[in-house]
Structures are given as C-alpha cells and as structure tokens.
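Listed here are the chains, written in short residue letters.
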Amino acid sequence: MSFFVVHTLLFFFTCLVIFEVVFPFFLRVFEKFIVKKISRGSVFLTYDDAPGNKFQAELLNLLELHEVKATFFLNAQRAENNKGGCDELIEKGHELGFHAYAHYKAPFVTPWRFYRDLVKTRQVLRPWVEPNGYHRFPHGKFFMSSWFMSIFHGSIPIHWTVDSRDTFPPRPSVSKIIDKIARNGGGVVLMHSFDRPSDRDVEQYVLDITEALILYAKTERLAILKLSSISQKWHN
C-alpha cells in the first residue's frame, strides 16, 4: 500500500472520529448551556428506563399526591415486557419519550449498531410515544450520525442539567441536588424509575429527591413542568 493511500485513509479515519466522537462532546456542552438558560424558573422531573412495576407505582402515587406531572423515557426492551406499565404512565397524564432498546453506550459500539437500536426503539415504542417525542440517549452519549438520525426521524434529543446519580455511587445528598437547582433557578433533573428490589435504599433515594424537589419548587414558586414545555419557553 502506497504512502499516499495510507495517509489518505488515516486522514479520513481521523475526520470520522472527530465527527462521530468529538463533535458530540461539544454539542452536549452547548445543549446543556442552552437548556440551563431555558429551564430557569422551572423544574423538570425526568425518569429514565421506564416502565417499572412496584417502584413505578410508588413513584406515581407520590407524583399524584402532589398533583405533579413528569417525563418518563422508555426503555423499549422493558416496554415490550411491561405494556401495562406504559399504559399506566399515559393514563396518569405523564409525558413519554424515547430512550433505547439495548442501552448501548457510545462510543463503545459501532455507529450503525447504535443506529439500529434507535430504529428498533422507535418501532417498539410507537404505541406510547409520539413520532416527534423527545429522545434521550443512554448515559447522555451519542454519535453525531445518531443525533442527526434522531432529528431526521422527527425527535428532539434532550438530556439533563442535574444528574441525581442514583445509578452510580457515591450518590450526592438530597440537599446537594436541591442546591444545584437553587443555583441555576431551575433545571432538568435526571432520575431512574425502574425496579431495584435488591437495593431498596436507592429506590427510597429517588423518592426522597422527587419529593424534596417538588416541595422546594412549590416553596420557591418554580413551575414543575413536562419537558414539552421547554419548547414553549424557548419560543417565549
């Protein structure tokens, strides 16, 4: 193989890596900056990896007690096995979005495998999520091509400004989560609503954060909204 061919291939490979891996990093930083500004004055409760069973029921009871609606991002594999859980979220008036099927984490799989997962997710979740529904990539990481494909299919990729870290110890105290919301005057909070029967403390942690956020928002007169309201705030 000639010197020219080797260097040409190396050049194109470098460009591909920059496009698929580096650009998403800066896009995510920019998105977080914009969402932080738009979300001021409001708190958005969001939960990944729905639907659940027993824990989801507890969470929905808490939200109903406080007359609050939230946004749930559906794991399509769980949805296949728990259609009733998805129906319940709709019946309770909550907003549903796309998450993933196999929950791949970019950039540790190929872009085409990541994209196939995106397509399957949309197919499975068609009964519950609008075609132009919000889309949250697993771990907030994605390939640039996947981001464009999500947009092409009509979805709006969106992530979070405050991570509860309920899936990764050490978990911050509830007060630290509230402090982050207070410093920004609002925000989009990431939590998870799937069942963790072997780790009841984590489930309680999510319930505690949820209630603390609701009480704080009501005390500070912050609106508690579904994510779809972000578009309205953006246009206003």
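Keep in mind that what you see is a predicted model, and the values were worked out from it rather than measured. (Residues numbered from 1 in each chain as written. Predicted model: local features only at pLDDT ≥ 70, side-chain atom pairs only at ≥ 80, totals over all residues. Heavy atoms only, no water.)

Caption draft 1: Examining a positive patch on the surface more closely. A cluster of basic residues, Lys-32, Lys-36, Lys-37, Arg-40, Arg-165, Lys-176, Lys-180 and Arg-183, forms a positive patch on the protein surface. Where the positive patch is concerned, the elements lending two or more residues are helix H1 (3–38) and helix H7 (174–184). Looking at where Lys-32 falls in the secondary structure, it is placed in helix H1. For Lys-32, a relative accessible area of 33% corresponds to the partly exposed category. (Patch = residues over 30% accessible without salt bridge, like charges linked within 9 Å, V, L, I, M, F, W, Y side chains within 5 Å. Areas by Shrake-Rupley, 256 points an atom, 1.4 Å probe, with all protein chains shown as cover. Salt bridge = Lys/Arg side-chain N within 4 Å of Asp/Glu carboxyl O. Lys, Arg positive; Asp, Glu negative; His and termini not counted. Charge placed at Lys NZ, Arg CZ, Asp CG, Glu CD. Helix = DSSP H or I, 4+ residues; strand = E, 2+ residues; numbered from the N terminus. Buried < 20%, exposed > 50% of the residue type's maximum accessible area, 1.4 Å probe, protein only.)

Caption draft 2: Up close: the side chain of Glu-95. Locating Glu-95 in the fold gives a position in strand E3 (residues 95–100). Comment: no salt bridge for buried Glu-95; closest opposite-charge side chain is Lys-226, at 6.5 Å. Within polar-contact distance, the side chain of Glu-95 engages the side chain of Thr-71 at 2.8 Å. Residue contacts for Glu-95: discarding those within four places in its chain leaves Ala-70, Thr-71, Phe-72, Tyr-134, Lys-226, Leu-227 and Ser-228. (Polar contact = N/O pair within 3.5 Å; in protein donor to acceptor, adjacent residues only side chain to side chain. Contact = heavy atoms within 4.5 Å.)

Caption draft 3: Main features of the packing of aromatic side chains. Scanning all chains against the criterion turns up six aromatic pairs. Between Tyr-47 and Phe-72, the aromatic rings sit 5.0 Å apart at their centres with planes inclined by 20°, giving stacked as the arrangement. Placement of Tyr-47 in strand E1 (residues 42–50) and of Phe-72 in strand E2 (residues 71–75) is noted, with a sequence separation of 25 residues between them. Note on Tyr-47: relative accessible area 0%, which makes it buried. (Phe/Tyr/Trp six-rings, centres within 6.5 Å; stacked < 30°, edge-to-face > 60°.)

Caption draft 4: Spatial organisation of the confidence of the model for the protein chain. In the predicted model, the protein chain carries a mean pLDDT of 91, and the fraction of residues at 70 or more is 93%. Highest mean pLDDT in the protein chain belongs to E2 (98); lowest belongs to helix H9 (residues 229–235) (71). (pLDDT = per-residue confidence, 0-100.)

Caption draft 5: Local environment of the pattern of salt bridges. In this structure the tally under the stated criterion is seven salt bridges. Residues Arg-200 and Glu-58 are paired through a salt bridge, measuring 2.7 Å at the closest nitrogen-oxygen approach. With Arg-200 in helix H8 (residues 200–219) and Glu-58 in helix H2 (residues 54–65), the pair connects residues that are 142 residues apart, well separated along the chain. Judged by relative accessible area, Arg-200 falls into the partly exposed class, the value being 34%. Here Glu-58 falls in the partly exposed class, since its relative accessible area comes to 24%. We note a salt bridge from Asp-166 to Arg-196, for which the minimum N-O separation is 3.1 Å. Placement of the pair is Asp-166 in the loop between strand E6 (162–163) and H7 and Arg-196 in the loop between strand E7 (187–192) and H8, with a sequence separation of 30 residues. Overall, Arg-196 belongs to the buried group, its relative accessible area being 10%. Residues participating in the shared-partner salt-bridge network are Glu-58, Arg-200 and Glu-203.

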